[in-house]
Amino acid sequence: MDEERTRNFPHKEEKVVTIPNKSKVWVFIMAGQSNMEGRGLVEPQDTIANNRILTINSKNELIVAKEPIHFSTPAYRGLDCGMSFANELLKSIPKDIVILLLPTAVGGSPIEKWIQDLPHRKINLYSNFKEKLALGKQYGNIKGILWHQGESDANKEGISNRNQNLKTLFGSFRKDVGNEKLPILIGEIGSFSKEPQLWAEINNESHKYIQEDKYADIVETADLKDKGDKVHFDGESQREMGKRFAKKYIKRFL
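Keep in mind the model is a prediction, meaning the values are calculated, not measured.

Draft legend 1. Seen up close, unusual backbone geometry. The amide bond that connects Glu 67 to the next residue, Pro 68, takes the cis arrangement and shows omega of -5°. Tracing the backbone through its elements, the reader meets Pro 68 in the loop between β3 (62-64) and α3 (82-90). Of note in the backbone geometry, Asn 60 takes a positive phi value of approximately 65° without being a glycine. Along the polypeptide, Asn 60 turns up in the loop between β2 (53-56) and β3.

Draft legend 2. Focus on the pattern of salt bridges. Scanning the model with the defined rule gives 14 salt bridges in all. Across the pair Arg 39 and Glu 37 runs a salt bridge whose closest N-O atoms are separated by 3.0 Å. Overall, the relative accessible area of 3% leaves Glu 37 in the buried class. We note a salt bridge from Asp 217 to Lys 248, for which the minimum N-O separation is 4.0 Å. One end of the pair, Asp 217, is in strand β9 (residues 216-219); the other, Lys 248, is in helix α9 (residues 235-253), and 31 residues separate them in sequence. Here Asp 217 falls in the buried class, since its relative accessible area comes to 11%. Take Lys 248: its relative accessible area is 23%, and that puts it in the partly exposed class.

Draft legend 3. Up close: the side chain of His 70. When you line up the elements, His 70 lands in the loop between β3 and α3. Its relative accessible area of 4% is what places His 70 among the buried residues. Here Thr 104 takes part through its backbone nitrogen, which lies 3.4 Å from a polar atom of the side chain of His 70. Not counting residues within four places of it along the chain, the set of residues in contact with His 70 comprises Met 30, Met 36, Glu 37, Arg 77, Asp 80, Pro 103, Thr 104 and Ala 105.

Here is what the cut-offs are and how they apply
- Residues numbered from 1 in each chain as written.
- Predicted model: local features only at pLDDT ≥ 70, side-chain atom pairs only at ≥ 80, totals over all residues.
- Heavy atoms only, no water.
- Helix = DSSP H or I, 4+ residues; strand = E, 2+ residues; numbered from the N terminus.
- Salt bridge = Lys/Arg side-chain N within 4 Å of Asp/Glu carboxyl O.
- Buried < 20%, exposed > 50% of the residue type's maximum accessible area, 1.4 Å probe, protein only.
- Polar contact = N/O pair within 3.5 Å; in protein donor to acceptor, adjacent residues only side chain to side chain.
- Contact = heavy atoms within 4.5 Å.

Read these as layout, nothing more, since geometry by itself doesn't imply function.
See below:
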């Protein structure tokens, strides 16, 4: 069992007593597989709360956000990019805006399971997404989706179908959100794989895709590091990736 799963990180929940005005809540949905769900080492700096950054717990209750944010697969909980994204974004948006992060990523999930709403680790992926989306609509305004996924599709079939699968899934996301112009940011998968050519081809397909989708863009990760397993970003890289998601959103969609 690795260090992330054995370290005791402080995570006492602070429930939100006063619900913010819906017009002042910007909702971002975190979706994809393990590098969005988070496998980095949670450190004290990641558990510093900010009353302008909220999330939900396993009971779908609003809480003040702290890492780790994802909770669907407790044995694998770790640092994701959510808090660093939100903290960076707060620097560039009105002071009265609250950010609500909704976790829907599930480690190891292929994109076709999302499209077909198939179960992965006992979670029906698209149904789970829609459940969280309904909460987002209840509490605020859906402002974007952070997508990081592709490691499970880094094979001949997954690569050849990548463009169409992204088009299909993102079309479903936007239809259910009710916004055909919804911003979707795609994080590149890492450059540290044991099969670097296949992972690079997944990233190449993502770059091709955004040429056709003017409301999607890429967050680059080529210089970021793994935690030693050739699969998952380390904590420092997760924090940096979150900042890059925010900076890209600010540059393209604010």
